[in-house]
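# Residue-level structure breakdown
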Amino acid sequence: MAVEHSPSGKRGFYGSFPQNGLPIGLLLSTLVFGAISRLPEEALFSWGWRVAFWISIVMVVVGLYIRLSVEEPPEFKKIKQTRTESKRPILEALRRHPKNVLLVMGARILENGVFYLFSVFVLKYATEVAGFSRSIILYAVSAAALIQIFTIPTFGVLSDRLGRRPIYLFGAVFTGLFAFPFFWLIDASSLVLLFFSLVLALSVGHAAMYAPQASFFSELFGTRVRYSGLSVGYQLASVLAGGFSPIIATALLQQTGSSWPIALYIIGMAAITTFSVYLASETAHKDISGSPALPDFEAAEK
């Protein structure tokens, strides 16, 4: 929605604003969790953990109001007016754009996988291995999320100027190279180095991939199947990467008692994402309007 409403040449910047919901949500949830974790253990596990879910009802209402109030983008309106919208957009996306669906999945693997390692698994690792208190780690994650609120739109602007692929590739390669140093910095048991590691991991490596994602993935599909095409790849990767990465990392830590297998796991995901983004087309200056009278792939051929 943000990308299709954005002016020409600013799709990366406008598309980065919805992406900022992630660090803002992470910051708010971490602060709420930090507050309720101060409750006595009996209260925390009986009713305290429910507080965050009660508060989230407000966010659901606000989100629903916004979604119902936003008008459809102009290009989609043209398709509806000419009655050329896809009747089965998911099947059409899989049939006509299977490569791009797979590339979206591959590009998403590292970004989504490391996010849960850097924001969730780190709580276990830094407390058990480096001896930090849970509150200190939450403060460090909050600081990284706060900085990420500013780096995401910055990378969005850079993706408009330099292209989606260079910025995304920078984030993927940086994260892969930072896999071992991330754990080494935490292992030093230094408060400064803990903050430094999380800021670099989330505000630089992750942000560089996450910022251009909305525009990059949207631009890989035509208007008729854009929402469904990117959603299929996006959400399947979320299940395979983000859904399993903390579980896999925890199992590796329990089996080996060391961080090096987890670092290699991150590097493996980085290889998949780097390869996928390298194979994808550069879309920063692509005309995504298409032709409302023709299916997108036919309009693209013309």
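Our subject is the structure listed above.
How each quantity is defined
Residues numbered from 1 in each chain as written. Predicted model: local features only at pLDDT ≥ 70, side-chain atom pairs only at ≥ 80, totals over all residues. Heavy atoms only, no water. Axes fitted to C-alpha atoms, helices over the stretch in contact; angles between N-to-C directions. Helix = DSSP H or I, 4+ residues; strand = E, 2+ residues; numbered from the N terminus. Parallel < 35°, antiparallel > 145°, perpendicular 65-115°, else oblique. Left-handed = near helix turned anticlockwise from the far one by under 90°. Contact = heavy atoms within 4.5 Å. Nonpolar A, V, L, I, M, F, W, Y, C, P; charged D, E, K, R; others polar. Salt bridge = Lys/Arg side-chain N within 4 Å of Asp/Glu carboxyl O. Buried < 20%, exposed > 50% of the residue type's maximum accessible area, 1.4 Å probe, protein only. Phe/Tyr/Trp six-rings, centres within 6.5 Å; stacked < 30°, edge-to-face > 60°. Lys NZ or Arg CZ within 6 Å of the ring centre and 35° of its normal.

Across the interface, helix α8 (residues 98-128) lies against helix α9 (residues 134-162) with an axial gap of 10 Å and an inter-helix angle of 150 degrees. Of the possible angle classes, the one that applies to α8 and α9 is roughly antiparallel. Like other packed secondary-structure pairs, α8 and α9 cross with a definite hand, here right-handed. Facing α8, whose interface residues are Phe-118, Val-122, Leu-123, Ala-126 and Thr-127, α9 presents Arg-134, Ile-137, Leu-138 and Val-141. A class-by-class count of the residues in the contact of α8 with α9 yields seven nonpolar, one polar and one charged.

Note that side chains of opposite charge can pair when their charged atoms are close. The tally for this structure, following the rule as stated, stands at nine salt bridges. Among the ionic pairs, Arg-11 bridges to Glu-219, the shortest N-O distance being 2.7 Å. Separated by 208 residues along the polypeptide, Arg-11 in helix α2 (residues 11-19) and Glu-219 in helix α13 (residues 213-219) bring together distant segments of the chain. Relative accessible area serves as the criterion here: at 0%, Glu-219 is assigned to the buried category.

Right, let's get into the packing of aromatic side chains. A full pass over the atoms with the stated rule returns 17 aromatic pairs. Centroid distance Phe-216 to Phe-217: 6.0 Å. Interplanar angle 35 degrees. Geometry classified as tilted. For the residue pair Phe-216 and Phe-217, the accessibility class agrees, reading buried in each case. Feature note: the residues Phe-118, Phe-121, Tyr-125, Phe-155, Phe-170, Phe-174, Phe-178, Phe-182 and Phe-183 constitute an aromatic cluster, connected by ring pairs. Lying over the aromatic face of Tyr-234, Arg-108 brings its terminal NZ or CZ to 3.5 Å of the ring centre.

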